[in-house]
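Structural overview for review
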Amino acid sequence: MHIYKMCLHFSTFVCVFQFFVLCHGMLQLAQLLVSGYLKGSITTIEKRYGFSSQKSGLLAAFNEVGNTVLIVFVSFFGSRVHRPRCIGIGAMIASVGVFLIALPHFISNEYITDSNNSDSGLCKSPNISKQTCDQEKTDSHLGVYPILLLGQLLLGIGGVPIQPFGISYIDDYAEKRNSPFYLGILFAVTVIGPAFGYMMSSVLLRFYVDIDKMSSSYLNLKNDDPRWVGAWWLGFLMAATLLLLTSLPYLFFPRKMSREVYQKSNLTLRNPIYLLVVLAQVNLAAMVAGLATFMGKFIERQFAQTASFSNMMMGGLNIPSAMLGIMAGGVILRKLGLTVRSSAAMCMVAVFVSIMFAIPLLFIGCPTNKVSGITYNVSSQQCSNACSCSDEAFNPVCGSDGVEFLSPCHAGCKTVIPDKEKGLNYMNCECVASTGSPGSAFPGPCGNKCSNRLIPFMILSSITCFVASLSHTTSFMMILRTVTPEDKSFALGIQFMLFRVLAFLPAPVLYGRAIDTACILWGKKCNKTTSCSYYDLDLFRHR
C-alpha cells in the first residue's frame, strides 16, 4: 500500500515527512558507511595490490568523477522530477558499484606469504618464490585497479540525487523554524555512517584476507605483522546489502506533499552570499577529504599502531566528535534563531578556534625508526653481503640492539628457534650489535616507543573536529535561506559539484602525492614497485 495512504488516519503530513527524514538518515548512513569503510581499508587494499598512496588516493576519490559529471544536470531538474524515486534508483545503482568493489577478491588468486616457512628469509635462504611472482602477474592481468575504479564510478553516479534531492525535499516541507533542527539531525546521523565504516573495518581487518578460501598461509601471522592483509572485501558486501535495503522505501514516497513555503530571494548564481559560503565550505571539505582518507594511515605509521586500531580511533573518537559538533550547531541555530549575518559570524569563529587547536598537531608525533641500511648505518651493511639477500625481501625483524632490519637475512641471521613470547627467535645474527657472540632478533618492527603521544594527539584532533563541525549545519542553512525554493535542488547541486571538483576529487590525490614524497623505501615485488615500506615520519607529519 502506498505510504501516503498508510498514514492517512494519523497526521498524514507529519507522519510521511518524519518517516522520510528517518529513511533519508538511514540511506545517507549506509552511503557514507561505504565511504568510511573504504577509507579505513585503503591501506590494506594498497598493501594487497601494491598501490602507491597517490594511486590509492585517486581510488578513494574516483567516485566523485561520476558524481561531478551528472550532479548539476540532475539537480537542475530537481523541482521537475519525482525526487524520492530518483533517490531510490540512484541508491540501487550505488549498491551495484559497492558489490563491484568487492569483486577483485573473488577473481584474484590466494595472497601468498612465507609465514609458514620458519626458515624463509634467513641468510642464504631464497626470499621470493617463482610461484609468488607468477601469481602477481596473474593478478595484474585481471585488471584489479580498473574494476575498483568502475565500482567507485557507479557509486558516485548512484549518489548524485541523494543529497541535493533529499535536503531540498526536507527543507521544502519543514517549517522554517524546524528546518535547521531536522537538517542538524540528518547531518549528525549521516556522520555516524563513516564512524560505523571505520569501526567495521577495525573489526573485519582482524580477519585474514583469504579467510573464505581456508588459506593456511597466515597460520603464523598476527594482525600486527607488517605482512598481514585483512579481509577488506567483507565489509563492502555488507555495506552494499544495507545500501540496497535502505533504497527500497523511496519507491513509495509521494512526489509532493501538501505544504511548501516559498521565499523570494536572489538568483542562485548571482548571489554573493551563496558563492562565498560555498567556497568557504570547499576549503573545509578539501581538508576533510584528505584527512579522512589518510588519517588512519597516519596514526598507523606515526604511532606504530595496527590498521584495525587506527580505524577504531577514527570511528570511535574523531567522527563522533564531528557528529556532536554538527548536532550542537543545529541546536544553537534553532535556539538563537540566527540570521544569515550572525550565522556567518558563528562559522568564522568556529573555524578560527578549530585552527588554533589544530596547530599543535604539527609537533605531536614520533621519530623515524632506526632501520639498518636506510635510516641507520646506511653505508655499513657489509655484514650481510655474503647472505645474498633479495632486495625484494620484506619481513622486518628487531635486533636485540634495538635496530630494525628489512628481514632476518639483512640482519645476517643464520638460525631460528621457537619462542613462547615472540613466536620465533632468530639467532646468530651477524649484523646485530652485541658483545662477544652474534646477536639475535625477533619478528616484527621495533616500534618507536612513543605511543603515549597518541593520547594528546587524539584529544586535540577530536576537539578540532568538534569545533569545526559547529559551522556545518549553519553554513548549509545560510545557503538554503538565500535561494528560492524552486532553485534549492539546483543550488545544492552546484554546491556539491564544486565540492567534488575542487575538494573531494583532487584532495585525496594531492594528499597521497604529498605522503609519497615522504617515502624513504618503496617495496618491490617481482621487479615492480609496490607500496611504501618506510616513511620519514617527520616529513609525513608535516606534509
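Throughout what follows, the structure given in this document is the object of discussion. If you're wondering where the values come from, they're calculated on a predicted model, not measured in any experiment.

**Examining the nonpolar core**
- Of all hydrophobic cores here, the largest spans 116 residues; its most connected members are Ile 45, Ile 167, Phe 236, Ile 299 and Phe 457.
- At 14 residues, helix 2 (residues 12-49) tops the list of elements feeding residues into this core.
- Setting aside residues up to four positions removed in sequence, Phe 457 forms contacts with Met 295, Phe 298, Ile 299, Phe 303, Leu 361 and Ile 364.
- Val 397, Val 403, Ala 411 and Cys 431 belong to the second largest nonpolar core, which has 12 residues in total.

**What to know about the environment of Ala 393**
- You can see Ala 393 is positioned in the loop between helix 13 (340-358) and strand 1 (397-399).
- Overall, the relative accessible area of 11% leaves Ala 393 in the buried class.
- The spatial distance from the C-alpha of Ala 393 to the C-alpha of Leu 406 is 7.0 Å, given a sequence separation of 13 residues.

**Describing the pattern of salt bridges**
- Taken as a whole, this structure holds four salt bridges when the rule is applied.
- Across the pair Glu 64 and Arg 500 runs a salt bridge whose closest N-O atoms are separated by 2.9 Å. Residue Glu 64 is located in helix 4 (residues 63-76), and its partner Arg 500 is located in helix 15 (residues 488-504); the two are separated by 436 residues in the primary sequence. Each member of the pair, Glu 64 together with Arg 500, is buried.

**Section: the environment of Thr 246**
- Among the structural elements, Thr 246 can be located in helix 10 (residues 232-247).
- Owing to a relative accessible area of 11%, Thr 246 belongs among the buried residues under this scheme.
- When sequence neighbours within four positions are dropped, the list of residues in contact with Thr 246 reads Met 26, Leu 27 and Ala 30.
- Of the polar contacts made by the side chain of Thr 246, one reaches the backbone oxygen of Leu 243; its length is 3.1 Å.

**Here's the deal with unusual backbone geometry**
- The phi torsion at Ala 304 lies on the positive side, around 55°, for a residue other than glycine.
- Take Ala 304: it is sitting in the loop between helix 11 (272-302) and helix 12 (307-336).
- Judged by its relative accessible area of 44%, Ala 304 falls in the partly exposed class.
- Although it is not a glycine, Asn 428 sits at a positive phi angle of roughly 55°.
- Among the secondary structure elements, Asn 428 is positioned in strand 4 (residues 423-429).
- On the basis of relative accessibility, which here comes to 36%, the residue Asn 428 falls in the partly exposed class.

**Structural notes on the pairing of strand 4**
- As judged from the five bridges shared by strand 3 (residues 415-419) and strand 4, these two strands associate in the antiparallel manner. The residue of strand 4 that forms the bridge with Asp 419 is Gly 423.
- Pairing geometry for strand 4 and strand 5 (residues 439-443), over two bridges, is antiparallel. Paired with Cys 429 across the two strands is Gly 439, which belongs to strand 5.

Rules of the game
Residues numbered from 1 in each chain as written. Predicted model: local features only at pLDDT ≥ 70, side-chain atom pairs only at ≥ 80, totals over all residues. Heavy atoms only, no water. Core = buried A, V, L, I, M, F, W, Y, C linked by side-chain atoms within 4.5 Å. Buried < 20%, exposed > 50% of the residue type's maximum accessible area, 1.4 Å probe, protein only. Helix = DSSP H or I, 4+ residues; strand = E, 2+ residues; numbered from the N terminus. Contact = heavy atoms within 4.5 Å. Salt bridge = Lys/Arg side-chain N within 4 Å of Asp/Glu carboxyl O. Polar contact = N/O pair within 3.5 Å; in protein donor to acceptor, adjacent residues only side chain to side chain. Pairing = 2+ DSSP bridges.

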